[in-house]
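Residues per chain are reported as follows:
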Amino acid sequence: MFQATRLLRSTGLLEAVEDRGAEGMTAAEAATKTGLSIYAATVLLECGLSADLVAYDNGKFVITTLGAFIRRDEMTAVNMEFVHEVCYLGMHKLEDALRLGEPAGLRVFGEWKTVYEALAHLPENAKSAWLRFDHFYSDAAFPAASRIVLERQPQTMLDIGCNTGKWASLCLARSPELCATLVDLPGQLEMAMQNLREKGLGDRAVPCPVDVLDPHAELPSGFDAVWMSQFLVCFSEDEVRTILRRARRALRPGGRLWILDTFWDTQRFDAAAYCLINTSPYFTAIANGNSRMYRAEDILALAREEGLELQTTHERLGIYHSLLELAPG
Ligand SMILES: C[S@@+](CC[C@H](N)C(=O)[O-])C[C@H]1O[C@@H](n2cnc3c(N)ncnc32)[C@H](O)[C@@H]1O
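None of these values were measured; they are calculated from a predicted model.

Reading guide: rules and limits
- Residues numbered from 1 in each chain as written.
- Predicted model: local features only at pLDDT ≥ 70, side-chain atom pairs only at ≥ 80, totals over all residues.
- Heavy atoms only, no water.
- UniProt positions renumbered as here; feature names shortened; annotations may be inferred.
- Helix = DSSP H or I, 4+ residues; strand = E, 2+ residues; numbered from the N terminus.
- Core = buried A, V, L, I, M, F, W, Y, C linked by side-chain atoms within 4.5 Å.
- Buried < 20%, exposed > 50% of the residue type's maximum accessible area, 1.4 Å probe, protein only.
- Contact = heavy atoms within 4.5 Å.
- Polar contact = N/O pair within 3.5 Å; in protein donor to acceptor, adjacent residues only side chain to side chain.
- Near = heavy atom within 4 Å.
- Areas by Shrake-Rupley, 256 points an atom, 1.4 Å probe, with all protein chains shown as cover.

Mapped onto this numbering, the UniProt entry annotates "domain: Methyltransferase type" (unreviewed entry) at residues 158-257. Secondary structure within residues 158-257 divides into 35% helix and 28% strand; the distance between the first and last C-alpha atoms comes to 9 Å.

Okay, here's the thing in structure tokens:
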């Protein structure tokens, strides 16, 4: 059903049917419009009928409300391409991954320990689907989150898991006094620094390659703000503990640790919690084999163990995010 739905959109069948409005379209007309055979158009449209994406009336297919959303909604398109390009083949190995605690499905792309090591080397379709998925969610939350973080006027910020540098770029552009140190794996840091240089912000950004999975790898210290966005979900609870321990040491006295993430227990809508919870098998089979989408309370309990106390929570940033502000207790 997933593949048929995706193809109903990507082949242009939903578009063709919707453009005919209430009058609808026969399978033969839809085939001519999209360049598919009548057989292929019939198979897909009948799948669409079973899923309420199209209705069938007097030999003609007519778009439904759900079908129109599948055709037009950007979040649906981003999610579908991510599932198709990154998750679909590897999910066959979910049971192995669960039993081994390793991302057994990642082998469809090569021999990598985690998807993050693989990211810069993934086939172009998979890499761009991964980045679009990641950025779609964090991009929506960054503007509001940066206003909150920059209100405290930090002069120095450590961005752990900076990815392509989007957060650093926004903060450096909004705060001319700010200097940012960027932590990530070498492939991602290269993309981040290139993006920052292209925006003329490279002279206030320092790249710092650290593999945080090495518990002995220290982070630089003395920061007003330590920032982690959509980052702790990439790690097991034990790994999160060691990261929080080091993040705490990276703060200067009076500094703040900021955690921006999509927690499934803080969602307004059941559908959002459903989507987030069911992102966990991607982490198991493809990303790393041992992390999941956490509840805010899971992370706060680990933070308390590491001597970090919650100062404030900002809910409903962007589409799904919460922003936690923590300080050493
Ligand atoms: C899900 S992405 C989030 C990116 C960005 N912060 C955002 O909010 O869009 C997680 C980031 O953590 C980085 N990361 C994952 N494992 C890492 C590791 N072991 N050491 C350093 N960075 C790592 C990834 O390369 C990736 O850029």
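By size, the foremost hydrophobic cluster in this structure holds 63 residues, and its most contacted members are Ile160, Met228, Leu244, Leu257, Ile259 and Tyr282. Looking at this core element by element, the count peaks at seven residues for helix α9 (residues 124-150). For Tyr282, the residues in contact, after removing those within four places along its chain, are Phe82, Val86, Cys87, Met91, Val115, Tyr116, Trp130 and Ala287.

Secondary-structure assignment places His84 in helix α6 (residues 74-87). His84 sits 78 residues away from Arg6 along the chain, and the two C-alpha atoms are 8.6 Å apart. For His84, the contacting residues outside a window of four places in its chain are Phe2, Gln3 and Arg6. Looking at His84, its side chain comes within polar contact range of the side chain of Arg6, at 3.4 Å.

Secondary-structure assignment places Ser146 in helix α9. With a relative accessible area of 0%, Ser146 lands in the buried category. Residues within four places of Ser146 in sequence aside, it is in contact with Trp167, Leu170, Cys171 and Arg174.

Glancing now at the site of the ligand. Surrounding the ligand, one finds 19 residues, the nearest of these being Asp134, Gly161, Asp184, Gln188 and Ser229. Backbone polar atom of Gly161 to a nitrogen atom of the ligand: 2.7 Å apart, as the coordinates give it. In this structure, Asp184 approaches the ligand through a side-chain N or O atom, which is 2.6 Å from an oxygen atom. For the ligand, whose unbound accessible area comes to 590 Å², protein coverage reaches 96%. With four residues, the single largest contributor to the shell around the ligand is α9.

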